[in-house]
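# Architecture and fold: a report
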Amino acid sequence: MADGDRANGGDILVVPVDCANLALLQRLTTDLHATLARTATVASWELSPQFAREAARGQYNSSMILAELFKRRTNPPMRILGVTDVDLFAPVLTYVFGEAQMHGPAAVVSTFRLRPELYGLDPDPEILSRRLLVESVHELGHTAGLTHCHTPGCAMIGSTYAEEIDLKGPRLCERCGEVFGAIWFEQRRDHP
Amino acid sequence: MDHKDYSILIVDDEPIVRDSLGKWFSEEGYLVETACDGGAALDRLAQRNYDLIFLDIKMPGMSGLELQRKIRTINTDATVVIITAFASVDTAVEALKDGAHDYITKPIDPDYLSHLVEKLVRQRALVAENVELKERLVGMTGRGSILGESPAIQKLRDMIATVAPNDTTVMIRGESGTGKELIARAIHAGSPRRYRPIVPINCGGLSETLLESELFGHERGAFTGAQFRRKGHLEMADGGTVFFDEIGNVSAKIQMDLLRVIESREFFRVGGNTPVKSDFRIISATNRDLEAAVASGSFREDLYYRLNVFSISVPPLRERDEDVVLLAQHFLSKYAASMNREFTGFAPEALEALRQHRWPGNVRELENAIERAVVVGTPPTVSAANLPISAPREEGPVDNMSLESVEVAHIRRVLEKCEGNVMRAARTLGIDRVTLYNKIKKFNLPR
Ligand SMILES: [Zn+2]
Ligand SMILES: [Zn+2]
């Protein structure tokens with residue numbers, strides 16, 4: 001399975017982790033390319049998140065999913081990004097939009113709390129798609145070691161509720177973009 | 001202010017808490033170190049000072065409380081936050097009395113945590129600049145808390161705490177602007193359903209057909225424009241809570257539908273014929289006199305009893321005198337921070353105006369008034385002129401005031417504004433000085 005993905009060698013591999021909407025993932029790969037100038041492809045395999053489910057909370061442990069994605073990575077691609085529809089939590093926190101390995105290759109994001117309908121609004125594919133892109137760039141930023149930023153509009157601004165995501169853009173500010181590019185270049189050199 | 005200038009120490013015996021919390025703070029850009037027990041924490045503190053210390057109250061060996069007392073003698077100016085399981089909030093309260101700044105319960109709401117930490121960091125920055133801290137509001141942090149110290153609001157908080165963990169159906173009564181949705185959210189947040197969504201539905205603002213499709217969802221092609229199958233709010237609330245706002249406004253048909261859903265916990269999407277099951281708690285709210293509506297037949301009695309299992313009344317702001325200034329100060333800090341305007345407090349006559357106003361629009365009106373004052377006023381103090389309120393409260397509603405009392409009130413106001421200068425006051429009032437003197441004497445006005 002992973003060999004096929006290795007062969008088409010994108011920079012970012014997007015893995016469905018119980019994610020019903022493949023069109024959304026395809027769109028994400030296009031948007032990631034446009035935003036970060038890195039190629040992204042949807043994996044030919046899926047990861048079921050059932051092993052990470054915590055029954056008492058009805059939620060899924062994002063750190064466990066992250067560890068599993070890390071185990072299944074190949075190189076290339078440089079990064080592996082899980083996208084899931086289930087609600088994620090990190091131990092001690094009631095929920096997270098996503099999680100990433102600082103300076104590592106793996107990240108995961110959830111669409112669960114990005115959907116307007118969770119807050120009683122009309123479903124809106126455009127809003128969902130944009131929020132998913134912003135959060136994906138954000139988590140990928142963490143994989144490059146970026147911490148939260150305070151520059152207005154930068155994707156690395158920390159956000160804890162969905163409307164906050166709409167206040168920032170999918171792009172990295174100049175400083176974050178520079179770090180991101182430099183680190184990516186360095187890692188590519190280290191692991192050709 | 002750069003987060004990297006702030007150091008955080010996390011003391012917890014559970015590795016998962018240290019890792020998870022530590023990672024969260026590192027992502028925020030703070031310098032983070034961890035310790036697994038009191039001894040390790042003291043070792044770290046021997047090396048350096050920390051700005052913030054997160055302390056698990058329950059650890060084997062040295063307890064959190066004991067460690068906190070030690071910290072106070074070593075790292076005297078550290079801001080200490082207690083981490084506790086829900087069960088040991090009492091101990092946390094003890095820690096607060098002992099000088100801890102706040103406490104958080106596990107699992108932690110990330111939104112709450114980020115606001116708390118931002119607040120603590122800001123407070124430290126203020127202290128460092130030797131600015132007077134006016135914002136020491138006891139027992140209130142984060143968004144969504146129900147603010148106030150009046151007996152009425154304390155009773156309300158007690159009621160919420162009592163009813164929240166049980167799955168009881170709740171009816172919230174109160175004038176508009178009193179924050180009924182906030183209370184519904186507080187109940188949801190204190191319930192075992194808190195990990196699932198709370199779905200608010202405004203029953204007042206929608207037509208019958210629209211409300212029906214919002215509530216129950218619809219199948220593809222159920223009506224023109226229904227291109228996709230769509231889940232309704234009741235379905236989305238599965239496992240969580242539905243909040244029916246303005247429940248007093250729903251039509252007879254929807255009342256009947258709701259009654260059926262409440263009894264069976266089952267319904268059909270519009271245009272569908274497979275029953276959908278959903279498990280939700282119901283909280284509703286109204287500012288109408290439902291009992292009168294039942295008596296007049298416009299609200300079903302059976303539905304009324306189903307919804308009105310536990311009733312909570314939210315007092316209007318005018319019955320919470322003690323809270324007005326407290327809330328005003330809270331909103332001022334909030335908007336001053338978010339708009340980056342350096343307001344620190346209210347001028348005495350502005351405080352008086354706040355106390356005197358009747359607040360027919362309740363907390364919402366107060367919040368709007370303060371927000372506006374932050375926009376139009378000149379820092380650092382909000383003056384009475386910046387507040388969009390008039391008509392002091394002791395005069396009562398304008399529509400039952402006699403002409404004479406309006407005259408007295410008006411003269412009194414003008415005199416106050418002119419600081420007792422009769423000549424200027426007379427000019428403003430458009431009468432001569434002698435007439436004004438006579439009126440002052442007649443109405444026994446101070447000047
Ligand atoms: Zn982040
Ligand atoms: Zn940035």
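The structure presented is a predicted model; accordingly, all values stated were derived computationally and were not measured.

### Regarding the overall build of chain B
When helices and strands are tallied, chain B shows 18 helices and 16 strands. Scored against the burial criterion, the 447 residues of chain B give a buried share of 47%. The long-range share in chain B, meaning contacts at least 24 apart out of those at least 6 apart in sequence, stands at 67%. Accessible area for chain B stands at about 22,300 Å²; split by element, carbon and sulfur atoms hold 50% of it.

### Considerations on the packing of aromatic side chains
Given two aromatic rings, their pairing is described by the distance between the two centres and the angle made by the two planes. Here the structure, examined in full by the defined rule, presents six aromatic pairs over all chains. On the basis of an interplanar angle of 40° and a centroid distance of 5.1 Å, the ring pair of B:Phe25 and B:Phe54 is categorised as tilted. A residue pair is termed long-range when its members are at least 10 positions apart, and B:Phe25 in helix H1 (residues 15-28) and B:Phe54 in strand E3 (residues 52-56) qualify at 29 residues. With respect to class, B:Phe25 is no different from B:Phe54; both count as buried. Grouped by ring-pair contacts, the aromatic residues B:Trp24, B:Phe25, B:Tyr30 and B:Phe54 constitute a single cluster. It is A:Arg57 that lies over the ring of A:Phe89; its NZ or CZ is 4.0 Å from the centre.

### Overview of the pattern of salt bridges
For the coordinates displayed, the defined rule picks out 30 salt bridges over all chains. For A:Arg72, the salt bridge goes to A:Glu68, with nearest N and O atoms at 3.3 Å. Under the relative-accessibility criterion, A:Arg72 is labelled partly exposed at 30%. Using a relative accessible area of 17% as the deciding quantity, one classes A:Glu68 as buried. Residues B:Asp167 and B:Arg193 are paired through a salt bridge, measuring 3.0 Å at the closest nitrogen-oxygen approach. Within this pair, whereas B:Asp167 is found in the loop between helix H6 (151-163) and strand E6 (170-173), its partner B:Arg193 is found in the loop between helix H7 (180-189) and strand E7 (198-202), the two being separated by 26 residues in sequence. For B:Arg193, a relative accessible area of 9% puts it in the buried group.

### A few points about the coordination of the zinc ion (ligand 1)
Residues and elements named next belong to chain A. At this site the zinc ion (ligand 1) is bound by His 138 (NE2), His 142 (NE2) and His 148 (NE2), with donor distances of 2.0 to 2.1 Å. All donors to the zinc ion (ligand 1) come from one chain, and their sequence spacing reads H-x3-H-x5-H. Taken together, the positions of His 138 in helix H4 (residues 125-143) and His 148 in the loop between H4 and helix H5 (162-166) put the pair ten residues apart, joining distant regions of the chain.

### Looking at the interface of chain B and chain A
Reports often express the size of an interface as the amount of accessible area lost when the parts come together. Facing the 31 residues of chain B at the interface are 29 residues of chain A. The three residues of chain B that bury the most area against chain A are B:Lys23, B:Glu27 and B:Tyr195, which together make up 25% of that side's buried surface. Our count for the contact surface shared by chain B and chain A stands at one salt bridge. Two residues, B:Lys23 and A:Glu99, come together in a salt bridge whose shortest N-O distance is 2.7 Å. At the surface where chain B touches chain A, the tally comes to ten residue pairs in polar contact (both at pLDDT 80 or more). At the level of secondary structure, the elements contributing two or more residues to the side of chain B that touches chain A comprise H1, helix H5 (110-128), E7 and helix H9 (233-236) of chain B.

### With respect to the nonpolar core
Of all hydrophobic cores here, the largest spans 40 residues; its most connected members are A:Val15, A:Ile65, B:Phe25, B:Phe54 and B:Leu113. Going through the elements one at a time, strand E1 (12-16), helix H3 (62-71) and strand E8 (106-110) of chain A together with strand E1 (7-11), H1, E3, strand E4 (79-85) and H5 of chain B are the ones with two or more residues in this core. Sort the elements by how many residues they give to this core and H5(B) lands first, with six residues. In contact with B:Leu113, other than residues within four places in its own chain, are A:Leu93, B:Leu21, B:Trp24, B:Phe25, B:Phe54, B:Ile104 and B:Ile108. In this structure, A:Ile12, A:Leu25, A:Leu36 and A:Cys176 belong to the second largest nonpolar core, which totals 38 residues.

### What about the sheet that holds E6(B)?
Residue and element names in this part refer to chain B. Reading across the sheet, the five strands line up as E7-E10-E13-E6-E14 and stay open at both edges, with parallel pairing between neighbours. Looking at which strands have only one partner, the edges of the open sheet turn out to be E7 and strand E14 (310-313). Taken over all neighbouring pairs, the strand axes of this sheet differ in orientation by 20° on average, direction set aside. Each of E6, strand E13 (281-286) and E14 touches H6; the most contacted strand, E14, lies at about 155° to it.

### Quick notes on the coordination of the zinc ion (ligand 2)
Residue and element names in this part refer to chain A. Coordination of the zinc ion (ligand 2) by the protein comes from Cys 149 (SG), Cys 154 (SG), Cys 173 (SG) and Cys 176 (SG), over a distance range of 2.3 to 2.4 Å. One can describe the site at the zinc ion (ligand 2) as tetrahedral: its four donor atoms subtend angles covering 102 to 115° at the metal. When the donor residues of the zinc ion (ligand 2) are listed from N- to C-terminus, their spacing reads C-x4-C-x18-C-x2-C. Relative accessible area serves as the criterion here: at 2%, Cys 154 is assigned to the buried category.

### Examining unusual backbone geometry
The step from B:Lys106 to B:Pro107 runs through a cis peptide bond, and the omega angle for that step is -5°. The phi torsion at A:His103 lies on the positive side, around 60°, for a residue other than glycine. By the element assignment, A:His103 lies in the loop between strand E7 (98-100) and E8.

About the cut-offs
- Residues numbered from 1 in each chain as written.
- Chains lettered and ligands numbered in written order.
- Predicted model: local features only at pLDDT ≥ 70, side-chain atom pairs only at ≥ 80, totals over all residues.
- Heavy atoms only, no water.
- Helix = DSSP H or I, 4+ residues; strand = E, 2+ residues; numbered from the N terminus.
- Buried < 20%, exposed > 50% of the residue type's maximum accessible area, 1.4 Å probe, protein only.
- Contact = heavy atoms within 4.5 Å.
- Areas by Shrake-Rupley, 256 points an atom, 1.4 Å probe, with all protein chains shown as cover.
- Phe/Tyr/Trp six-rings, centres within 6.5 Å; stacked < 30°, edge-to-face > 60°.
- Lys NZ or Arg CZ within 6 Å of the ring centre and 35° of its normal.
- Salt bridge = Lys/Arg side-chain N within 4 Å of Asp/Glu carboxyl O.
- Donors = N, O, S within 2.8 Å, 3.2 Å for Na, K, Ca; no water.
- Buried area = accessible area lost by both parts, 1.4 Å probe.
- Polar contact = N/O pair within 3.5 Å; in protein donor to acceptor, adjacent residues only side chain to side chain.
- Core = buried A, V, L, I, M, F, W, Y, C linked by side-chain atoms within 4.5 Å.
- Pairing = 2+ DSSP bridges.
- Axes fitted to C-alpha atoms, helices over the stretch in contact; angles between N-to-C directions.
- Tetrahedral: all angles 85-135°; square planar, octahedral: opposite > 155°, others 65-115°.

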